[in-house]
Amino acid sequence: MQRYNPKDIEPKWQAAWAASGIYKAEDFSSKPKYVMLTEFPYPSGDGLHMGHTREYTYGDILARYKRMHGYNVLFPMGYDAFGLPTENYAIKQHITPQAATDANVANFQKQLESFGLSIDWSRSFRTTDPEYYKWTQWLFLQFFKHGLAYQKESAISWCPFCKTGLSNEEVVNGRHERCDTLVEKKVLPQWMLRITDYADRLIDGLKDLDFPSRIADQQINWIGRSEGAEVKFYDVDDDDETNPITVYTTRADTIYGATFLVLAPEHPLVEQLTRSDHAGAVATYVKAAAAKSDIERQDTDREKTGVFTGAYATNPLTAEYMPVWVADYVLAGYGTGAIMAVPAHDERDWAFAKKYDLKITRVIDSDTPEDSVSTGPGKLINSGNFDGMPNVEAKTAIINFLAEDGLATLKTQYRLRDWIFSRQRYWGEPIPIIHCPEHGAVAVPEDQLPVVLPAVDNYEPSDDAKSPLSRVPEWVNTTCPTCGKPAQRETDTMPNWAGSSWYYLRYFDAHNDTVFADRKKLDYWGEVDLYMGGMEHTTLHLLYSRFWHEFFYDQGLVPTPEPYKARRGQGIILAADGTKMSKSKGNVVNPSEIIDSGYGADAMRLSIAFLAPYDQTTPWNPEGVAGTHRFLQRLWQLVQGFIEANEKREGEPLDDSIVQADILRTTHHAIKRVTTDLDTLGFNTAISAQMEALNQLYKLRDQDEFLSVNAWQAGLEAMVQLVAPFAPHFAEELWQQLGHEVSVHTSAWPQYDEANVATDEVTLAVQINGKLRSEITVAAEADEATTVAAAQADIKIAPLLEGKTIRKTIYVAGKIVNFVVG
RNA sequence: GGGCGAGUGGCGGAAUUGGUAUACGCGCGCGACUCAAAAUCGCGUUCUUCGGAUUGAGGGUUCAAGUCCCUCCUCGCCCACCA
């Protein structure tokens, strides 16, 4: 008897698949297409981790499953190789980023191949290939030409460790999300992408997409659309009303209760408004605020501080004087950087007014105690003609009233900021712009793309906020494409999110040299049918790439308004102790070690998919792979036993009708469950269904010792097909042994027949007053009267019913009989 | 503070969506095989005072609740002085 040894069969079938090219996706195939996308990896020096392994295992299971359903499946893979970690790693190792990338990609590739993934490698690329980033640059220029890429001097987040500017999305709790360094503020001329122009589209587009609500909600929250109004207030000394202080508010209903104004320390009017006797205090405060780090300023528990400017503004509705304050709880970057404070109905304003003894006027009726803040809805009071109006209605009524005098306008605000697109680092796509003294920023002509990243000796970042490319004069100095006079290249590079913002489109036509992708191929492949990836990319890559795609659609470059029809986020695999896997804790599990330990890729894939539901974060169980290995071994032994029994019994086909029906029922039941589970990403339950079926088949084997030859052949074939997406090498080997010459992975997914799944007898629970008292087995076709009679007559039930009145009988076919007795 | 989600054996988890709670697997225990160990196979494994009790706690709806409703507790993720 042959033993199951993954070390023999896995490399063998990997080589065979590579040679036959069975996983190649065919452009313009007449079969229905299915694009199964998993996020391409960043090839770090550490190799693939369990998160990658989980994602690609799931992706491969579905790719194979869809292929067996007759789809022309595209399951591609590439490398997102530009970016800071590689560059930092290369600096440490004293090698070039190119060399580091080559080594890391080779390592990743070897690991991915050992997993037995059904990837179409002919479409692979790296974002660092000049043939690829030529098109990243070309696409950037489309933004530039349409005014969506612009240069602006602005205060941005600067990572002093990585020595580069960062986007808002890359700063988490005041730290750079990659290296955890506290960020600083730096004023730099930066390239920006106008993602805010697409804020509404990015929200509204979600309606038609199959995204889990937690992903959609997170994006909506991040964009942070709020409907409100800008309201003008005037300094009491500004008699001509030429110089308004404009505030943004979503609570126009509370303007009668606005008792003071607050400006952010960075607000441009601070200096002008400040009266001379307050100038010293205000200047000191503004300076102190500037010195604080983001993390300090964002601490919501901090006591509010502020300083009076000496100025007063008039409340346009009450005509009362409102002192104008400066305080750092008001953010310069949101709205207008100035607010009207309504201490009675806003917790922050309340705290501030209490501390500095400012006037508090309640304008919404409320049950809450007099000396407290009330933020809930209610009817207006102390509000002139608006008294008695529900505050929700008052919002528009008051805006309309003020608008008559030009004092208020409706305004939609977003939390989303434009995307800071410049990085002062070497290892990224050069931004294809030439600065001409006469013509300003000029696009590099298309026929001169790509702007190739020059090879340099020293690519370390510098503290002066200048990209290392600025130290390469022979590259920087060029001529203006417009006038031919001396000009200089832009030396900033793109962020590593650039290449990943459109990579899925390149898989449709990976090696095209004349366009980023052929339009006919884009039309054929269309959208990504299912995109799996990490939850951590929801407000980064996933939002960025939707923005790019929506812009491309507007330019007529792609056929669909959205890139991804459906998105799912898999859960994280934690270390066995429930903490995050991390190098510093030394609890990182290496997938290659699991494979090499003798369990093989198939058992590892099964154990990952069996671990927990798809989207659930869960600790890794190092013993689990032994369990799935045992499962494979038991299935292997069963098939070997059948093959041997068959050989011995050549020429005498025996069929035992009872067991035959049981084999059929067991396998068809399994087909049904695995099919419905895989349709809903129920990978873990799909596996347990196969385990249950196998346990059942062992019992049947004990009954008939493989006498029912035809039933066993069909049943075992189905079992091998069911396990094929999960354990592809294993299934391929057994499929061949069962007499097939064509791959199991191109075979048609087995179908089940309800007639075979059904049993002739059913077991029902019998309850008295809802408590389980017995079980009865009746014929499947038994009607209610027969079943209830059988239940009443049951040996355990009859004595319990004696002398009692049955007030009601509940009958659920095939499930329960419940007697309600008095 | 806001948004989303989750609490079921020693552990990961299952439950046809209101109908026999604890499937499947891990771990553990006992046994078989073995000089022995590993591997493999078989049996057992929520608790129990053997009446019954049990899905974070308490209440409600129902013939029937892990599932629906209310109150509360705990944990996780994301956002957070966003006016």
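Residues numbered from 1 in each chain as written. Chains lettered and ligands numbered in written order. Predicted model: local features only at pLDDT ≥ 70, side-chain atom pairs only at ≥ 80, totals over all residues. Heavy atoms only, no water.

Trainee: Explanation requested: empty space enclosed by the protein in the structure shown.
Mentor: Where empty space is left can be seen by rolling a probe of water-molecule size over the atoms. Tallied over the full model, the rule gives one cavity of 30 Å³ or more. Roughly 120 Å³ of volume is contained in the largest cavity. Lining the largest cavity are 16 residues, and of these Gly-83, Leu-84, Arg-423, Pro-495 and Asn-496 sit closest to its centre. Broken down by element, the lining of the largest cavity gets its largest block of residues, three residues, from helix H3 (residues 84-93). A class-by-class count of the residues in the lining of the largest cavity yields six nonpolar, five polar and five charged. (1 Å grid on protein atoms, 1.4 Å probe; cavity = no way out; pocket = protein on both sides within 12 Å on 5 of 7 lines; lining within 4 Å. Points joined across faces, edges and corners; volume = space filled by probe spheres on them. Helix = DSSP H or I, 4+ residues; strand = E, 2+ residues; numbered from the N terminus. Nonpolar A, V, L, I, M, F, W, Y, C, P; charged D, E, K, R; others polar.)

Trainee: Before we go on, may I ask you to explain the pattern of salt bridges in this structure?
Mentor: Where side chains of opposite charge bring their charged atoms close, a pairing between them can arise. In this structure the tally under the stated criterion is 39 salt bridges. Note that Asp-60 and Arg-605 form a salt bridge whose closest N and O atoms lie 2.7 Å from each other. A residue pair is termed long-range when its members are at least 10 positions apart, and Asp-60 in helix H2 (residues 50-68) and Arg-605 in helix H17 (residues 591-611) qualify at 545 residues. A single burial state applies to Asp-60 and to Arg-605, both of which are buried. A salt bridge links Asp-210 to Arg-568; the shortest N-O distance between them is 3.0 Å. A residue pair is termed long-range when its members are at least 10 positions apart, and Asp-210 in the loop between helix H6 (199-204) and helix H7 (213-223) and Arg-568 in strand S21 (residues 567-570) qualify at 358 residues. Counted as one network, the salt bridges with shared partners bring together Asp-27, Asp-120, Arg-123, Asp-509 and Lys-521. (Salt bridge = Lys/Arg side-chain N within 4 Å of Asp/Glu carboxyl O. Buried < 20%, exposed > 50% of the residue type's maximum accessible area, 1.4 Å probe, protein only.)

Trainee: Looking at this structure, how should I read the confidence of the model for chain A?
Mentor: In low-pLDDT segments, the atomic positions of the prediction should not be examined closely. The share of residues in chain A with pLDDT of 70 or more is 99%, and the mean pLDDT across the chain is 93. Scoring of the predicted complex yields 0.94 for pTM and 0.95 for ipTM. (pLDDT = per-residue confidence, 0-100.)

Trainee: Can you help me understand the pairing of strand S24 (residues 761-768) in this one?
Mentor: A regular strand places its side chains so that they alternate between the two faces of the sheet. Note: S24 against strand S25 (residues 771-779), eight bridges, orientation antiparallel. Within the sheet, the bridge partner assigned to Ala-765 lies in S25 and is Glu-775. If you look at the hairpin formed by S24 and S25, you'll find two residues sitting between the two strands, and Asn-769 has a positive phi there, around 50 degrees. Across four bridges, S24 lies against strand S27 (residues 816-821) in parallel orientation. Across the sheet, the residue bridging to Val-766 is Val-817, located in S27. (Pairing = 2+ DSSP bridges.)

Trainee: What is the right way to read the nonpolar core from this model?
Mentor: Nonpolar side chains in soluble globular proteins generally cluster together in the buried interior. Judged by nonpolar contacts, the single largest core of 88 residues is most densely connected at Met-532, Leu-632, Leu-678, Phe-683, Trp-712, Phe-726 and Phe-730. Listed in part, the 87 residues of the second largest apolar core include Ile-195, Leu-469, Trp-502 and Leu-540. (Core = buried A, V, L, I, M, F, W, Y, C linked by side-chain atoms within 4.5 Å.)

Trainee: Would you explain the protein's contact with RNA strand B in this entry?
Mentor: Of all residues adjacent to RNA strand B, which total 54 residues, the nearest are Thr-250, Lys-304, Arg-348, Leu-611 and Gln-616. Of all atoms in RNA strand B that approach within 4 Å of the protein, 63% are sugar or phosphate atoms. Between RNA strand B and the protein, one listed contact pairs a sugar or linking oxygen with a side-chain N or O atom of Asn-621 at 3.2 Å. Side-chain polar atom of Glu-775 to a base oxygen of RNA strand B: 2.6 Å apart, as the coordinates give it. By residue number, the principal contributor to the surface near RNA strand B is helix H20 (residues 683-704), which donates six residues. Of the residues contributing to the surface near RNA strand B, the split by class is 17 nonpolar, 19 polar and 18 charged. (Near = heavy atom within 4 Å. Polar contact = N/O pair within 3.5 Å; in protein donor to acceptor, adjacent residues only side chain to side chain.)

Trainee: Can you help me understand the layout of surface pockets in this one?
Mentor: The volume enclosed by the second largest pocket comes to roughly 1800 Å³. Lining the second largest pocket are 45 residues, and of these Asn-168, Lys-185, Gly-333, Tyr-334 and Arg-417 lie nearest its centre. Mapped by element, the contributors of at least two residues to the lining of the second largest pocket are strand S3 (149-159), strand S5 (171-172), strand S7 (184-193), helix H9 (279-291), helix H10 (294-297) and strand S14 (408-413). When residues in the lining of the second largest pocket are grouped by element, the largest group, six residues, is from S3.

Trainee: Looking at this structure, I do not really get the environment of Lys-355. What am I missing?
Mentor: With respect to the helices and strands, the residue Lys-355 is situated in helix H11 (residues 347-356). Sequence separation between Lys-355 and Glu-303 is 52 residues, and the spatial gap between their C-alpha atoms is 9.2 Å. When near neighbours in sequence (up to four residues on either side) are disregarded, Lys-355 contacts Glu-303, Lys-304 and Thr-305. (Contact = heavy atoms within 4.5 Å.)

Trainee: Is there a simple way to explain the sheet that holds S24 in this structure?
Mentor: Sheets are built from strands that pair by backbone hydrogen bonding, the pairs being arranged parallel or antiparallel. Overall, mixed pairing links the four strands, which are arranged S25-S24-S27-S26 in an open sheet. Since the sheet does not close on itself, it has two edges, and those belong to S25 and strand S26 (806-812), each with one partner. Taken over all neighbouring pairs, the strand axes of this sheet differ in orientation by 20 degrees on average, direction set aside. Sheet strands touched by helix H24 (residues 784-793): S24, S25, S26 and S27. Its angle to S27, the strand with the most contacts, is close to 65 degrees. (Axes fitted to C-alpha atoms, helices over the stretch in contact; angles between N-to-C directions.)

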